[in-house]
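# An overview of the molecular structure
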Amino acid sequence: QHILNGVYTQFFFHRHDDFWGHEGRKKLEKLVTATDMLVCGEDLGMIPNCVEGVMNDLMILSLEVQRMPKQQGVRFGTTADYPYLSVCTPATHDMSTLRGWWEEDMESTQEFYNQVLKRWGNAPAHCGPELNAEVVKHQLDARSVFTVLSMQDWLNSDTSTYNPASAEDERINIPKNPQHYWKYRMHVSMEALLNNDAVKQKVTSMLNESGRG
């Protein structure tokens with residue numbers, strides 16, 4: 001099995017690496033020079049080794065998701081080590097929110113609680129506002145030029161907007177479930193949110209403390 005895995009990796013990821021790098025650079029360079037917008041790449045999953053070099057050369061921002069680290073044998077990414085030219089986010093639109101992820105796998109949650117948040121003892125069974133805010137702050141403190149958070153993760157960081165309903169209801173999209181495509185609806189109105197001074201002050205404070213204000 002080890003030998004077959006090596007053959008597979010060599011054929012699909014190393015044999016054509018120079019070709020994919022050349023073709024990617026040729027196409028992406030035209031895209032980058034055709035716009036004044038900052039270009040971001042979704043470099044997740046199984047990608048050729050050439051991707052990182054091409055993106056760095058063209059100053060295309062990478063995507064860093066802490067629970068999907070790019071280093072082999074690592075369970076969680078280290079936000080302090082993220083490249084500056086990157087976007088830090090706790091999840092994509094196809095993944096659960098912080099609160100939902102916390103309840104999915106308590107073994108993983110326990111490791112995150114102890115090793116990443118540096119808290120000892122048993123991890124809480126649910127991610128309440130205080131804990132949610134701590135994880136959000138951890139994301140904001142990343143070296144990445146941008147940190148992008150879902151509205152759910154912001155709302156769950158404050159007691160006045162925390163949603164006690166099922167965390168599963170906060171999912172934006174579940175790709176494998178055709179009955180759950182983009183069905184999320186906020187549990188508070190925009191008017192109520194705009195009039196909530198406590199939330200606005202908390203978000204402003206967290207952004208200022210992280211240097212992102």
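Below you will find a few notes about this structure. Keep in mind the model is a prediction, meaning the values are calculated, not measured.

Calculation notes
- Residues numbered from 1 in each chain as written.
- Predicted model: local features only at pLDDT ≥ 70, side-chain atom pairs only at ≥ 80, totals over all residues.
- Heavy atoms only, no water.
- Pairing = 2+ DSSP bridges.
- Helix = DSSP H or I, 4+ residues; strand = E, 2+ residues; numbered from the N terminus.
- Core = buried A, V, L, I, M, F, W, Y, C linked by side-chain atoms within 4.5 Å.
- Buried < 20%, exposed > 50% of the residue type's maximum accessible area, 1.4 Å probe, protein only.
- Contact = heavy atoms within 4.5 Å.
- Expected span 1.5 Å × (residues − 1).
- Phe/Tyr/Trp six-rings, centres within 6.5 Å; stacked < 30°, edge-to-face > 60°.
- Axes fitted to C-alpha atoms, helices over the stretch in contact; angles between N-to-C directions.
- Parallel < 35°, antiparallel > 145°, perpendicular 65-115°, else oblique.
- Left-handed = near helix turned anticlockwise from the far one by under 90°.
- Nonpolar A, V, L, I, M, F, W, Y, C, P; charged D, E, K, R; others polar.
- Patch = residues over 30% accessible without salt bridge, like charges linked within 9 Å, V, L, I, M, F, W, Y side chains within 5 Å.
- Areas by Shrake-Rupley, 256 points an atom, 1.4 Å probe, with all protein chains shown as cover.
- Salt bridge = Lys/Arg side-chain N within 4 Å of Asp/Glu carboxyl O.
- Lys, Arg positive; Asp, Glu negative; His and termini not counted.
- Charge placed at Lys NZ, Arg CZ, Asp CG, Glu CD.

## Here we look at the sheet that holds strand β1 (residues 62–65)
Pairing within the open sheet is parallel, and its 3 strands lie in the order β1-β2-β3. Only two strands of the sheet have a single partner each, and these edge strands are β1 and β3 (146–147). The sheet contact formed by β1 and strand β2 (residues 86–89) spans 4 bridges and is parallel. Bridging from a neighbouring strand, L63 pairs with V87 of β2.

## Here's the deal with the nonpolar core
W102, F112, L117 and V136 are the most contacted members of the largest nonpolar core, which totals 18 residues. Going through the elements one at a time, α4 (98–104), α5 (106–116) and α6 (129–140) are the ones with two or more residues in this core. The element best represented in this core is α6, accounting for 5 residues. Once residues lying within four places of it in the same chain are set aside, the contact partners of V136 are L98, L149, D153, W154, S157 and M206.

## Topic: α6
The end-to-end C-alpha distance of α6, which contains 12 residues, comes to 16 Å, matching closely the 16 Å that a straight helix rising 1.5 Å per residue would cover. Those residues of α6 that sit buried are P129, L131, N132, A133, V135, V136, Q139 and L140. Packing partners of the buried residues in α6 comprise β2, α4, α5, β3, α7 (151–155) and α9 (197–210).

## What about the packing of aromatic side chains?
Under the criterion given, the structure shown has 7 aromatic pairs. Judged by centre distance (6.1 Å) and plane angle (85°), the rings of F76 and W101 are edge-to-face. In this pair, F76 is assigned in the loop between β1 and β2 and W101 in helix α4, connecting sequence segments 25 residues apart. On the basis of relative accessibility, which here comes to 8%, the residue F76 falls in the buried class. In this structure W101 comes out as buried when scored by relative accessible area, which is 9%. Centre to centre, the rings of W102 and F112 are 6.3 Å apart; their planes meet at 90°, and the pair counts as edge-to-face. With W102 in helix α4 and F112 in helix α5, this pair connects stretches of sequence that are 10 residues apart. A relative accessible area of 1% places F112 in the buried class. Put simply, the rings of F76, W101, W102, F112 and Y113 pair up and form one aromatic cluster.

## Side note on the packing of α6 against α9
In the contact formed by α6 and α9, the axes pass within 9 Å of each other and the chain directions differ by 40°. Considered as vectors, α6 and α9 are oriented oblique to each other. Here the hand of the crossing between α6 and α9 comes out right-handed. The segment α6 lies against α9, with A133, V136, K137 and L140 engaging K202, M206, L207, E209 and S210. Residue composition of the contact of α6 with α9, grouped by class: 5 nonpolar, 1 polar and 3 charged.

## Let's talk about a negative patch on the surface
A surface patch of negative charge is lined by E103, E104, E168 and D169. Mapped onto the secondary structure, E168 falls in the loop between α7 and α8 (190–194).

## Examining the pattern of salt bridges
A full pass over the atoms with the stated rule returns 12 salt bridges. Note that E23 is salt-bridged to K26, the shortest N-O span being 3.4 Å. Note that E23 and K26 are positioned in helix α2 (residues 17–33) at a spacing of 3 residues, about one turn of the helix. With its nearest N and O atoms 4.0 Å apart, the salt bridge here joins D105 to R75. Within this pair, whereas D105 is found in the loop between α4 and α5, its partner R75 is found in the loop between β1 and β2, the two being separated by 30 residues in sequence. With a relative accessible area of 34%, D105 lands in the partly exposed category.

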